[in-house]
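# Report on the structure
One letter stands for each residue in the lines below.
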Amino acid sequence: MKVANHTVVEIHYTLKDADGSVIDSSANSDPLRYLQGAGNIVPGLEKAMLEKAPGDTFSAVIAPEEGYGQQKPELIQIMPRSAFDHIEELDVGMAFHAENTHGQPMEVEIIDIDGDEITINGNHPLAGVELHFEIEVVSVRQATTEEIDHGDVH
């Protein structure tokens, strides 16, 4: 069976940036399982997976627009230290759960601390990054009705 919408796919992958630094990998762990066509993986990789079969290995380079998008400058903001009064010690790299202007959850990261000014970034850490995947297709099966209805693998 080949990868098509409404199939459950298992892959092993290694994700690198344009410089070849490993960002993530399924090596030494279980394969990643996802529902094809449900937006469970980045759009560019989902497109590259179509028509692949178990045993196939391939490379895919995904532009930011088909990955995690470009950096959005409006998601980088300077906040007063008082907005973090409930936290004793702040450090660059700390991440927090917040809500966007539409009330949807998002994660923000502290990227700079300058006195009482705390700069946060609400962009995905891989926004603006060209993604380089090495993929091995492990298995493909038809999704169940329940999986299709719920949009994920059970």
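Further up the page is the structure itself.
Fair warning: this is a prediction, and the values are worked out from it, not measured in the lab. (Residues numbered from 1 in each chain as written. Predicted model: local features only at pLDDT ≥ 70, side-chain atom pairs only at ≥ 80, totals over all residues. Heavy atoms only, no water.)

The number of helices and strands found in the protein is two helices and nine strands. In sequence order, the protein lays out its α and β elements as β-β-β-α-β-β-β-β-β-β-α. Projected onto its principal axes, the C-alpha positions of the protein cover 60 × 35 × 30 Å. Here the contacts in the protein between residues at least 6 apart in sequence split such that 61% fall between residues at least 24 apart. Accessible area of the protein: about 9,300 Å², with a carbon and sulfur share of 48%. (Helix = DSSP H or I, 4+ residues; strand = E, 2+ residues; numbered from the N terminus. Contact = heavy atoms within 4.5 Å. Areas by Shrake-Rupley, 256 points an atom, 1.4 Å probe, with all protein chains shown as cover.)

Moving on, we come to the sheet that holds strand S7 (residues 105-114). Read across the open sheet, the four strands follow the order S5-S8-S7-S6; overall the sheet is antiparallel. What marks the edges here is a single partner per strand, and that holds for strand S5 (76-80) and strand S6 (95-99). Averaged over all pairs of adjacent strands, the angle between strand axes in this sheet comes to 40°, irrespective of strand direction. Alignment of S6 against S7, held across five bridges, turns out to be antiparallel. Looking at S7, one finds that Ala-98 is bridged to Met-106. (Pairing = 2+ DSSP bridges. Axes fitted to C-alpha atoms, helices over the stretch in contact; angles between N-to-C directions.)

Let us look at the pattern of salt bridges. Tallied over the full model, the rule gives two salt bridges. Residues Lys-47 and Glu-66 are paired through a salt bridge, measuring 3.0 Å at the closest nitrogen-oxygen approach. Here the residue Lys-47 occupies a position in helix H1 (residues 43-49), and Glu-66 occupies one in the loop between strand S4 (57-62) and S5, the gap between them amounting to 19 residues. Lys-47 sits in the exposed class, given a relative accessible area of 54%. Between Arg-141 and Glu-147 there is a salt bridge; the shortest N-O distance is 2.8 Å. For Arg-141, a relative accessible area of 33% puts it in the partly exposed group. (Salt bridge = Lys/Arg side-chain N within 4 Å of Asp/Glu carboxyl O. Buried < 20%, exposed > 50% of the residue type's maximum accessible area, 1.4 Å probe, protein only.)

Keep in mind that these numbers describe shape and distance, not what the molecule does.
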